[in-house]
Amino acid sequence: MVRSFLHPLFATIGFLLIAVPVATPSPALSDAQGQFYSAFDDDPSRAQQFFIRGLTSNELGDTEQAIHLFDRALQYAPNAPAILSAMADAQAEAEDLSAAVRYARQARAEAPENRHYHEQLAALQRDADRPEETLETYDRLVEEFSGATDSRLDRARLLVEMDQTERALEEYEIVRQEMGRSPQLEIEMLQLYRSVDDNEGIRRSLESLVEMRPEENIFRLLLSQHYEDTDDRDAAIDLYERILHLHPEDLDAALELAALYREEGDEARADSLLDASVSEEASLDQLVNRAESMLERDTPSSADIRSAEDLLERTLDINEEHQEAAALLGSLRYEQGQFGEAATLLKEALEDDADSAERWFQAAAAHLQSDRPRQAAEIAEEGLDQFPQHLSLVRVAAYALTEINENESAIDRFEEAIALLDEAAPGAAVEAERADYKASLGLLYNRIEEVEASDEYYQRVLDIDPEHDMALNNYAYSLAERDKKLDKALEMAEQAVDLDSSNASYLDTLGWVHYKRGNLEAAEKWVKRSLDTGEASPTVYEHYGDIHEAMGDLETAQQYWREALERDPDRTHLEEKLDMSPQ
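Residues numbered from 1 in each chain as written. Predicted model: local features only at pLDDT ≥ 70, side-chain atom pairs only at ≥ 80, totals over all residues. Heavy atoms only, no water.

Scanning the model with the defined rule gives one cavity of 30 Å³ or more in all. Taken as a whole, the largest cavity spans an internal volume of roughly 30 Å³. Taken together, Leu255, Ala258, Ala259, Arg262, Leu274, Met294, Ser307 and Leu311 form the lining of the largest cavity. The set of elements that each furnish at least two residues to the lining of the largest cavity consists of α15 (251–263) and α18 (302–318). At four residues, the largest contribution of residues to the lining of the largest cavity is made by α15. (1 Å grid on protein atoms, 1.4 Å probe; cavity = no way out; pocket = protein on both sides within 12 Å on 5 of 7 lines; lining within 4 Å. Points joined across faces, edges and corners; volume = space filled by probe spheres on them. Helix = DSSP H or I, 4+ residues; strand = E, 2+ residues; numbered from the N terminus.)

Below you can see the structure in the form of structure tokens.
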């Protein structure tokens, strides 16, 4: 006959079995007990003994001995689901998940009506990283057992891991109906709604979280931001105002609300709110971080930009040495084309933090763009001491050195830039940049009177890009100045003007080539067009004077020579022209 579980062994080890799932008096495990006994063969007491000893060994941490004892028990009761289940747990403890899944599957097969064995199998399959098998087990479990809401939730979480987001959301929504709302459930659903851009779902979950956790302001802020993102400004404004009523010290809410007021065109209200919220006691880093987040949006609105400017300016009013604020505002001014202010701000930022190559580049480029090439060159060269071979810094150094006529140094930097480009991935943009550098080298070699090298560089550019307008113009001008290949010079100058008909330098070159060829009427026409652009250099004024001198109009010649000298007092040779001309 089958002996009771009140075996004498329980007198000494019964307390250990209380924590063992098989001995827990749940309905599922009560069924397991019955299945355990019914599975015994002709000598069930031996199976029972080995089973109990295996449970004890497992509880004491001797997994190897537990597996050995469960194996002995199975020799006497090979179909006992309780022993198979215990063996599955022991194999999992021994990190043999393949064996664990096999025994758990056998346990379920012997007692499919017992929900515990389904749940155990699903958990072990999941630990063994068998998502498809795990999903099949959950599907069967949820289908066969009513009220298996916990398993449905586990299935939903598994579907998320399997990137089956839409089905996972369906499961979560059923769980919500069966279990009711809970903060954890809403947070998990919120993440899913965001992943599929379900704005209505995001709104529902956030509104639920605000209701369930009224003491946590973060959910109000997230909901307000969501209202903003979905263009429900009225709802966003209303919620931010409520947040500030409850938490008047909340600077983030004040900053968001001020930005919304600006978007609504209410600048005065925005300024008033910021005046009340931002003080010398305010966290300046918080203001700067908020400004940075506004500027880093995919497409910052004009209101975002105005708000960011305001915050950065307020920060610098409170602490003019705040380098992050100076750097951000300097970068913004650079992008807005306000290079003078950008140069000053970025230079100040560098004095406190010189660890950003991009900041060095922007500071140098801003100085170059604001007609301060010498300072640009100095900043770029100092940046290159810290960030050698940084292409952007090499490039701005090369152009700045060109502007201040440090020609040989500029040549070195352009050649370095070309070498760095050779290491870059090939592409149209890289080739265009390389052509620009070679065209600049043509100009620089011409300046130091190495005309053969100059012509070679220009020709290399045109071999690659026959429509490189700067190379066409500069090569044409160089030939004209040397009275060489004037037919070729005329062809290139005309092509350059065709490519950019409003460029004052190109128009002047075409006129000058005509002058060199003795075609004074054409020369006068094209140089006059250059002057009419309003962007003509002192050289153009001098050329126009020279043309009129050749045409016998000395009065007009003197007028334009004087104009050229006034624009560039270093052109002392013009004084000689004026002295030699009849007064």
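Still more to cover.
Among the nonpolar cores identified, the biggest contains 61 residues, and Tyr172, Tyr240, Leu257, Leu273 and Leu312 are the most heavily contacted of them. The element contributing the most residues to this core is α15, with nine residues. Contacts of leucine 273, omitting those with residues within four sequence positions, involve Leu244, Ala254, Leu257, Ala258 and Tyr261. Of all hydrophobic cores here, the second largest spans 38 residues; its members include Ala342, Leu393, Ala400 and Tyr457. (Core = buried A, V, L, I, M, F, W, Y, C linked by side-chain atoms within 4.5 Å. Buried < 20%, exposed > 50% of the residue type's maximum accessible area, 1.4 Å probe, protein only. Contact = heavy atoms within 4.5 Å.)

This part takes up the packing of helix α29 (residues 504–516) against helix α31 (residues 538–550). Between α29 and α31, the least distance of the axes is 11 Å, while the angle of their chain directions is 25°. Judged on the interaxial angle alone, α31 and α29 are roughly parallel. The chirality of how α29 crosses α31 is left-handed. Listed contacts from α31 to Asp508, Trp512 and Tyr515 of α29 are Val540, His543, Asp546, Ile547 and Ala550. Residue composition of the contact of α29 with α31, by class: five nonpolar, one polar and two charged. (Axes fitted to C-alpha atoms, helices over the stretch in contact; angles between N-to-C directions. Parallel < 35°, antiparallel > 145°, perpendicular 65-115°, else oblique. Left-handed = near helix turned anticlockwise from the far one by under 90°. Nonpolar A, V, L, I, M, F, W, Y, C, P; charged D, E, K, R; others polar.)

For the rest of this paragraph, the subject is the pattern of salt bridges. Scanning the entire structure with this criterion turns up 44 salt bridges. For arginine 203, the salt bridge goes to aspartate 232, with nearest N and O atoms at 3.4 Å. Of this pair, arginine 203 sits in helix α12 (residues 199–212) while aspartate 232 sits in the loop between α13 (217–229) and α14 (233–246), and the two are 29 residues apart along the sequence. Arginine 333 is the partner of glutamate 309 in a salt bridge, and the nearest nitrogen-oxygen pair spans 2.5 Å. Here the residue glutamate 309 occupies a position in helix α18, and arginine 333 occupies one in helix α19 (residues 323–335), the gap between them amounting to 24 residues. Taken as a pair, glutamate 309 and arginine 333 share a single burial class, namely buried. (Salt bridge = Lys/Arg side-chain N within 4 Å of Asp/Glu carboxyl O.)

In this section: the packing of helix α27 (residues 469–481) against helix α28 (residues 486–499). Following both chains from N to C, one finds α27 and α28 inclined at 145°, their axes separated by 8 Å at the closest point. As α27 packs across α28, the resulting crossing turns out to be left-handed. The residues of α28 that touch α27, namely those facing Asp469, Leu472, Asn473, Tyr475, Ala476, Leu479 and Ala480, are Leu486, Lys488, Ala489, Met492, Ala493, Gln495, Ala496 and Leu499. Grouping the constituent residues of the contact of α27 with α28 by class yields 11 nonpolar, two polar and two charged.

For the structure on display, the rule yields 10 aromatic pairs. For the pair tyrosine 445 and tyrosine 457, a centre-to-centre distance of 5.6 Å together with 5° between the ring planes defines the contact as stacked. Remark: tyrosine 457 occurs in helix α26 (residues 451–464) and tyrosine 445 occurs in helix α25 (residues 428–447); sequence separation between them is 12 residues. Arranged with centres 4.7 Å apart and planes meeting at 80°, the rings of tyrosine 544 and tyrosine 560 form a pair that is edge-to-face. (Phe/Tyr/Trp six-rings, centres within 6.5 Å; stacked < 30°, edge-to-face > 60°.)

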